[in-house]
Number of protein chains: 2
Amino acid sequence: MKKRILISDIAKALGISVTTVSFILNDKAKEKRISEALTKRVLDYVKKVGYKPNELAKSLRTGKTKILGLIIEDISNPFFGNIARLIESKVYEQGYRIIYCSTNNDVEKAKELIQMFYDRQVDGFIITPSDGLEDTVKQLQQNNIPVVLFDRYFPDLETDYVGADNFQGAFDASNHLCQQGYRRIGFVSLYSDQTQMKERSDGYMKAMDNNKQQSFIQKIQMDASDEEAMESLREFICENRLDAVLFSTNYLAISGLKASKKFNFTMPAVIAFDDHTVFKLVEPSITVVSQPIKDIAENLINILLLRLQGKIKATRRMVLPCELKVRESTKVKVTS
Amino acid sequence: MKKRILISDIAKALGISVTTVSFILNDKAKEKRISEALTKRVLDYVKKVGYKPNELAKSLRTGKTKILGLIIEDISNPFFGNIARLIESKVYEQGYRIIYCSTNNDVEKAKELIQMFYDRQVDGFIITPSDGLEDTVKQLQQNNIPVVLFDRYFPDLETDYVGADNFQGAFDASNHLCQQGYRRIGFVSLYSDQTQMKERSDGYMKAMDNNKQQSFIQKIQMDASDEEAMESLREFICENRLDAVLFSTNYLAISGLKASKKFNFTMPAVIAFDDHTVFKLVEPSITVVSQPIKDIAENLINILLLRLQGKIKATRRMVLPCELKVRESTKVKVTS
DNA sequence: CTGAAAGCGCTAACAA
DNA sequence: TTGTTAGCGCTTTCAG
């Protein structure tokens, strides 16, 4: 926490010019053919006095902030929270920093956030886009700011993207339910055009078709309160006498669990998309479709960093496999 | 997302000097006795073209970044996560931004983080200090960087602080357990000298003494794995035939729940410090001591902002009351 | 009231 | 190989 020392201080102390120091500090020593001896002398001195360049001045000069903007749906959802954490630590090693914000699926807020990050000159973006954010993303691209989308994408816009195989995940989960002997299998989703929801829905329906089962689909308003969601779910499950339900997100499943507790009805077999601490602790524990969080995070930043270095030209879309973690909630059905 | 416009652009467009524009933009119009008409003309133009000052340049010049550093124990713990969110939005209105990082109670990491934030010239800090961070905090103060601590503090260091009334919270919880008829009441804590743990422990013991009950205290290593914690808890609860347990943190309680599930023993009456989604959903739902998160967040930033404006001289220590939320886990004991 | 100009600390042409 | 110096965009002192 010693007082701040400047590049000019070290130049003076060593009796050389700031240019030389700057070159050495920026790994341009050999390129500029600066003697090894001098280089070492400077580096040693720098380490000794613990010099740290003023990042503000650097950014102002170079136009690069080494800061990445992460725009996600909800940081308090462990799925996103974990991805954020992984991204943060990964990117840290590369000398980048992350700033993040939640949109809570509100387009206006998302636009505002992106504008703010843009004003703050972040070097690049990782975004879980809400409906209606297509134009904003396009503008970013036109301004030459690298953007990589995740969790969902815009079919009509060429963008880098990393996400899970939602179709397969939902398909496998639904099939599993059929194989365990369930016959009245519902699917709970959101009123949203986001691709991941569409894909999960398609996966569910495909499985129902393959197994010659009827489909029961309930959608919830994205801005519904917990109470409203619970009420809809109670009705959906009870009125249809469902014996199994696939929830398309972890928080919908949690609302379902709360509903069964509040309205005192027995929860049928349950599978949730995305894991959560709750699912392991609840009785019975809940089977989940788990996304490959680590892979997603790694690919996300790999792609973004490559873009930043201009080492990539074609857009990349990566789809990673999900894993079905079977737990107690989907035991073989006991026919009464 | 229009192209960036500079203060000189607007000066040129309006045929005046940058100084004038700068004064107006920084609310120094009347102080510098600039005509109302001109002021309005400039403001209108600025709004029209959507000018946003370059924050980097501003910070470089003024030495103020308008960024606050938030160093917390674990962002993925909803207690801290919620506080972080509240602080973020509150502070946003005042034109400040937050950058945050988790220490996971690792002193070295905390020191590193603080150094990094200091290098990045944050204007002030909010910190949940880990053991051993006293000197670092002292140095910050000596460098005239405002710091306000929360959740715990250093008894020997004069610092601003905001936290809950841990003693009272633990005392009330323990008393409640006694009143419900429990007799073998355990307390689970951490091997740590942090003040909040000490206070909770004191509250528990005081209640045990008042009720003439024996104390059972189990401490867990802070760096223990989940498995180790579960094993210790199983042993503690089963061997002592406890009929009630007060957990000093939410994640310890969660480990307890996991243990009871894994080792298949019946959980006695439970109270946890700090609420969590899990506690409402689990069967039976868990009684908790809930900290006044909103109050804590508000006071934290109020104090920090006052400090930043130099409007405060004496250090402030605020202790806010906790609330006991009684749920199913602490029903009146049925004597067998 | 308003303008010119000096920096904040750093990078990188351009010279030497 | 190395030094001089012009900015990056903004605030603020000092002169009008």
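Predicted model, so just to flag it, every value in this text is computed and none were measured. (Residues numbered from 1 in each chain as written. Chains lettered and ligands numbered in written order. Predicted model: local features only at pLDDT ≥ 70, side-chain atom pairs only at ≥ 80, totals over all residues. Heavy atoms only, no water.)

(A) Just the overall build of chain A, in detail. Of regular secondary structure, chain A possesses 13 helices and 12 strands. In terms of overall size, chain A is more extended than a compact globule, its C-alpha atoms giving a radius of gyration of 26 Å where 336 residues would be expected to give roughly 20 Å. A sequence separation of at least 24 residues applies to 67% of the contacts in chain A between residues at least 6 apart. Taken as a whole, chain A presents about 16000 Å² of accessible surface, with 48% of it coming from carbon and sulfur. Both charge centroids of chain A, one from 48 positive and one from 43 negative side chains, sit 10 Å from each other. (Helix = DSSP H or I, 4+ residues; strand = E, 2+ residues; numbered from the N terminus. Rg over C-alpha atoms; globule rule 2.2 N^0.38 Å. Contact = heavy atoms within 4.5 Å. Areas by Shrake-Rupley, 256 points an atom, 1.4 Å probe, with all protein chains shown as cover. Lys, Arg positive; Asp, Glu negative; His and termini not counted. Charge placed at Lys NZ, Arg CZ, Asp CG, Glu CD.)

(B) Structural view of the nonpolar core. Among the nonpolar cores identified, the biggest contains 90 residues, and Phe247 and Phe279 of chain A together with Phe247 and Phe279 of chain B are the most heavily contacted of them. In contact with phenylalanine 247 of chain B, not counting residues within four places along its chain, are Val188, Leu233, Leu252, Ala253, Gly256, Met267, Val270, Ile271, Ala272 and Phe273 of chain B. By size, the runner-up hydrophobic cluster in this structure holds 52 residues, among which are Ala84, Tyr100 and Ile312 of chain A together with Leu320 of chain B. (Core = buried A, V, L, I, M, F, W, Y, C linked by side-chain atoms within 4.5 Å. Buried < 20%, exposed > 50% of the residue type's maximum accessible area, 1.4 Å probe, protein only.)

(C) The arrangement of the protein's contact with DNA strand C in detail. Surrounding DNA strand C, one finds 25 residues, the nearest of these being Tyr51 and Arg61 of chain A together with Ser17, Arg33 and Arg61 of chain B. Restricting the count to atoms of DNA strand C within 4 Å of the protein gives a sugar and phosphate share of 64%. Within the side chain of lysine 28 of chain A, an N or O atom sits 2.7 Å from a phosphate oxygen of DNA strand C. Counting only elements with at least two residues in the surface near DNA strand C, the list comes to helix 2 (18–25) and helix 4 (55–62) of chain A together with helix 2 (18–25) and helix 4 (55–62) of chain B. Counting residues per element, the surface near DNA strand C draws most heavily on helix 4 of chain A, at four residues. (Near = heavy atom within 4 Å. Polar contact = N/O pair within 3.5 Å; in protein donor to acceptor, adjacent residues only side chain to side chain.)

(D) Inspection of the UniProt feature "domain: HTH lacI-type" (unreviewed entry) in chain A at higher detail. In the numbering used here, UniProt assigns the feature "domain: HTH lacI-type" (unreviewed entry) to residues 7–62 of chain A. Here residues 7–62 of chain A is 68% helix and 0% strand, with 16 Å between the C-alpha atoms at its ends. (UniProt positions renumbered as here; feature names shortened; annotations may be inferred.)

(E) Geometry of the pattern of salt bridges. Taken as a whole and judged by the stated rule, the model has 26 salt bridges over all chains. For arginine 234 of chain A, the salt bridge is made with glutamate 231 of chain A, and the minimal N-O distance between the two is 3.0 Å. Highlighted residues: arginine 234 of chain A and glutamate 231 of chain A, both in helix 10 (residues 226–239), separated by three residues, approximately one helical turn. The class for arginine 234 of chain A is partly exposed, based on a relative accessible area of 22%. Lysine 198 of chain B is the salt-bridge partner of aspartate 202 of chain B, the closest N and O atoms lying 3.2 Å from each other. Within this pair, aspartate 202 of chain B and its partner lysine 198 of chain B are both found in helix 9 (residues 195–210), separated by four residues, close to a single helical turn. Linked through salt bridges whose partners overlap, the residues forming this network are Glu73, Asp151 and Arg152 of chain A. (Salt bridge = Lys/Arg side-chain N within 4 Å of Asp/Glu carboxyl O.)

(F) Quick look at the protein's contact with DNA strand D. Close to DNA strand D lie 27 residues; Ser17, Thr19 and Arg33 of chain A together with Tyr51 and Arg61 of chain B are nearest. At 3.3 Å from a phosphate oxygen of DNA strand D is found a side-chain nitrogen or oxygen belonging to asparagine 26 of chain B. Taking asparagine 54 of chain B, its main chain carries an N or O atom lying 3.1 Å from a phosphate oxygen of DNA strand D. Elements that contribute at least two residues to the surface near DNA strand D include exactly helix 2 and helix 4 of chain A together with helix 2 and helix 4 of chain B. The element best represented in the surface near DNA strand D is helix 4 of chain B, accounting for four residues.

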